[in-house]
Amino acid sequence: MQMKNSVLVAALSASSAFAAYTPDYKLNAYWGQSGPGTDFLSQHCESENVDYVTLGFVNNSPENGDGTDYPGTNFAAHCSAEVYVNNNKNSKLLSSCTYIQADIQKCQSLGKKVLLSVGGVYSAASNYTVSTVQNGIDFADFLYGAFGPYKAGYTGPRPFDISSTEHNTIDGFDFDIETQFDDQEPYVNMVNHLRDLIDGDSEEMILTAAPQCPQSAPYFQMKTILQEAKFDKIWIQFYNNPSCEANTTGFNYNDWASFIDGGINAAAELFIGLPGSLDAVGLLGTGYITADQAKDVICTYKNKEHFGGLMLWDAYFASANIIDLEGNTYLDTVAAALKCGGCPTDVCAPPTSSSSTVTSSATTSSSSSSTSSSVSTTSTSSSVSTTASSSSSTVSSTTTTTALSSSSTSSSVSESSMSTTSSSSTASSTSTSSSDSTTSSVSSSSSVDPSTSVSSTASATSSSTSSSSSAATTSSASISSSSSTTDSSSTSSDIATSSSTLTRSAIILLPPCRTQPAP
């Protein structure tokens, strides 16, 4: 009778100081109001430095939709002029944004978040007034139905869908309110109702805001909205407002951090908003700073409370702004400072090391005087075969880099050879066995891919007579055992494996490392 218990425990070593590592911060770029029709949304999503793209704009509220009850959209040269018709009237809601439809899918397939912004420059032609709380709630319902997750039975417009059966869902809504409404409660209720709709469907959509940087009346245009409506990210426009721009002594990032502390947006991330070129702000605009100046600002503030990253107005201008002879763009240069290692004081995670320990114990009681066994294991699965024959024992272990040591309690086990390569190691050991109990331990250290986390458990029980075996396995581990009698003095060998448990746990350390300008 043979009983074997084996336990494999693997753990990746990690520093407890990982929380202090500098993370990689994010970049949001607005798109849709600048550049020719050949400047495609997908081009910017292909950049590894862009995390969010915010489409601008929904620039007319439904109550300013020429009697159609539809809002209006404007994406400059990036959509054709066709619009939806409702109540026998032409709306301002664009209906043929073919390239945007396809590019949203591509952006999302690349892991980019695509948001839709409400607001922009406020004027008679771009009037996004919401006059009542109910109108704000209705506006939210329209946006969620038209641009959010498709729901069966919905009959309204879906401007970004590919077809009636292929639907696009944007990743969130942005609010760039550039006028101070006397009553901001309609927008407060609009934002909060959108939040309710998102949470009700368990969607991972986000809500963002793009206030201008002044916090003094009458220029703090979104004050009440930011105090009463919950946002996930706030990209502050530090341009076209000389009193608080990033290159002035009035730069007020810290005031913004204080403003949201303790309020409904205490958990929101703050993004420093900058123009991507001089052309982005125009001849009369202000606030453009060089890429090197922008990097200095990022390096100064990236460890500040609430800092989330950088916002650029806009993707076209920042990508077209070539800043050196090597062809580097403004966008790529400032984005480098957002990554861990982009600033002198960054503390980035060190390379990850790992260790693995294997311990096995076996108790054998058998009428056979000679036994042989072979064991092979891999980092995510293991196979074990045991064969009785002429007093030899072989252990083969395959990992990334493995060192094996064996010891015995009641029978002597001596390691006769060991060969280790970059991906496998083999150790053979000879021992004399009897019908006594034997305990052996095998320990191995291995280098494990830090991007892999595996947890598996396998248990197997096998018994055999002559030359048959059975095995039971779970969670990517297979174990088989067989025994055969090769000596006339050995009549039978019963091997029972009571339990075999393989567990791998891993702690992974990742390297932490516009809106159109207002007049």
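Remember, predicted model here, so these are calculated numbers, not experimental data.

Caption draft 1: The arrangement of the packing of helix α8 (residues 291-301) against helix α10 (residues 330-338) in detail. Contact geometry of α8 with α10 gives a least axis separation of 9 Å together with a crossing angle of 20°. Our classification of the angle between α8 and α10 gives roughly parallel. In terms of crossing hand, the pair formed by α8 and α10 is right-handed. Within the contact between the two elements, α8 uses Ala291, Ala294, Lys295 and Ile298 and α10 uses Tyr330, Thr333, Val334, Ala337 and Leu338. Class assignment of the residues belonging to the contact of α8 with α10 gives a composition of seven nonpolar, one polar and one charged.

Caption draft 2: Local environment of the nonpolar core. Counting 87 residues, the largest nonpolar core has Leu55, Phe173, Phe175, Tyr187, Phe231 and Ile272 as the members making the most contacts within it. Tallying contributions element by element places helix α3 (residues 133-147) first for this core, with seven residues. Ignoring sequence-local partners within four residues, the contact set of phenylalanine 231 consists of Phe175, Val191, Arg195, Leu207, Thr208, Ala209, Ile225, Leu226, Asn265 and Ala268. In this structure, Tyr30, Leu115, Ala210 and Met311 belong to the second largest nonpolar core, which totals 14 residues.

Caption draft 3: Structural detail: the packing of aromatic side chains. For the coordinates displayed, the defined rule picks out 25 aromatic pairs. Taking 5.9 Å as the distance between ring centres and 55° as the angle between the ring planes, the aromatic pair formed by tyrosine 52 and tryptophan 235 counts as tilted. Within this pair, whereas tyrosine 52 is found in strand β3 (residues 52-60), its partner tryptophan 235 is found in strand β10 (residues 233-237), the two being separated by 183 residues in sequence. The exposure classification of tyrosine 52 matches that of tryptophan 235, with both residues buried. Relative to phenylalanine 181, the ring of tyrosine 122 lies with its centre 5.7 Å away and its plane at 85°, an arrangement referred to as edge-to-face. Here tyrosine 122, found in the loop between β7 (113-120) and α3, pairs with phenylalanine 181, found in the loop between β8 (172-177) and α4 (185-200); they are 59 residues apart in sequence, far enough to count as distant. With relative accessibility at 12%, the residue phenylalanine 181 sits in the buried group.

Caption draft 4: Representation of the layout of surface pockets in the model. Computed from the structure, the second largest pocket encloses a volume of approximately 160 Å³. Among the elements that line the lining of the second largest pocket, the one with the most residues is α3, at five residues. Of the residues belonging to the lining of the second largest pocket, the class tally is five nonpolar, one polar and three charged.

Caption draft 5: Structural context of the pattern of salt bridges. Considering all chains together, one arrives at seven salt bridges under this definition. The closest approach of N and O atoms between lysine 92 and aspartate 66, which form a salt bridge, is 3.9 Å. Pair noted here: lysine 92 is in strand β6 (residues 89-94) and aspartate 66 is in the loop between β3 and β4 (72-73), with a separation of 26 residues, a long-range link. Its relative accessible area of 25% is what places lysine 92 among the partly exposed residues.

Caption draft 6: Representation of α8 within the structure. Within α8, burial applies to Ala291, Ala294, Val297, Ile298, Cys299 and Tyr301. For α8, the elements touching its buried residues are α6 (253-260), β11 (269-275), β12 (307-313) and α10.

Caption draft 7: Representation of the pairing of β3 in the model. With nine of nine residues buried, β3 is to be regarded as a mostly interior element. Across four bridges, strand β2 (residues 26-31) lies against β3 in parallel orientation. Within the sheet, the bridge partner assigned to tryptophan 31 lies in β3 and is leucine 55. Summarising the sheet, β3 and β7 pair through six bridges and their orientation is parallel. By the bridge assignment for β7, threonine 54 is matched with leucine 115. Direction of pairing for β3 relative to β4: antiparallel, over a ladder of two bridges. Residue pairing in the sheet places valine 58 in a bridge with threonine 73 of β4.

Caption draft 8: Representation of the state of the cysteines. If you walk through the whole model with that rule in mind, you get five disulfides. The disulfide bridge from cysteine 340 ends at cysteine 348, spanning 2.0 Å between sulfur atoms. Here the disulfide of cysteine 340 and cysteine 348 is left-handed, its torsion about the S-S bond being about -115°. Judged by relative accessible area, cysteine 340 falls into the buried class, the value being 8%. By sequence order of its bonded cysteines, the protein has the disulfide arrangement 1-4, 2-3, 5-6, 7-9, 8-10.

Caption draft 9: Focus on the environment of glutamate 185. Inspection of the secondary structure assignment puts glutamate 185 in helix α4. On the basis of relative accessible area, glutamate 185 is assigned to the partly exposed category, the value being 27%. With 49 residues separating them in the primary sequence, glutamate 185 and glycine 136 have C-alpha atoms 8.5 Å apart. Beyond its immediate chain neighbours, meaning those up to four positions away, glutamate 185 contacts Val133, Thr224 and Glu228.

Rules behind the numbers
- Residues numbered from 1 in each chain as written.
- Predicted model: local features only at pLDDT ≥ 70, side-chain atom pairs only at ≥ 80, totals over all residues.
- Heavy atoms only, no water.
- Axes fitted to C-alpha atoms, helices over the stretch in contact; angles between N-to-C directions.
- Helix = DSSP H or I, 4+ residues; strand = E, 2+ residues; numbered from the N terminus.
- Parallel < 35°, antiparallel > 145°, perpendicular 65-115°, else oblique.
- Left-handed = near helix turned anticlockwise from the far one by under 90°.
- Contact = heavy atoms within 4.5 Å.
- Nonpolar A, V, L, I, M, F, W, Y, C, P; charged D, E, K, R; others polar.
- Core = buried A, V, L, I, M, F, W, Y, C linked by side-chain atoms within 4.5 Å.
- Buried < 20%, exposed > 50% of the residue type's maximum accessible area, 1.4 Å probe, protein only.
- Phe/Tyr/Trp six-rings, centres within 6.5 Å; stacked < 30°, edge-to-face > 60°.
- 1 Å grid on protein atoms, 1.4 Å probe; cavity = no way out; pocket = protein on both sides within 12 Å on 5 of 7 lines; lining within 4 Å.
- Points joined across faces, edges and corners; volume = space filled by probe spheres on them.
- Salt bridge = Lys/Arg side-chain N within 4 Å of Asp/Glu carboxyl O.
- Pairing = 2+ DSSP bridges.
- Disulfide = S-S within 2.5 Å.

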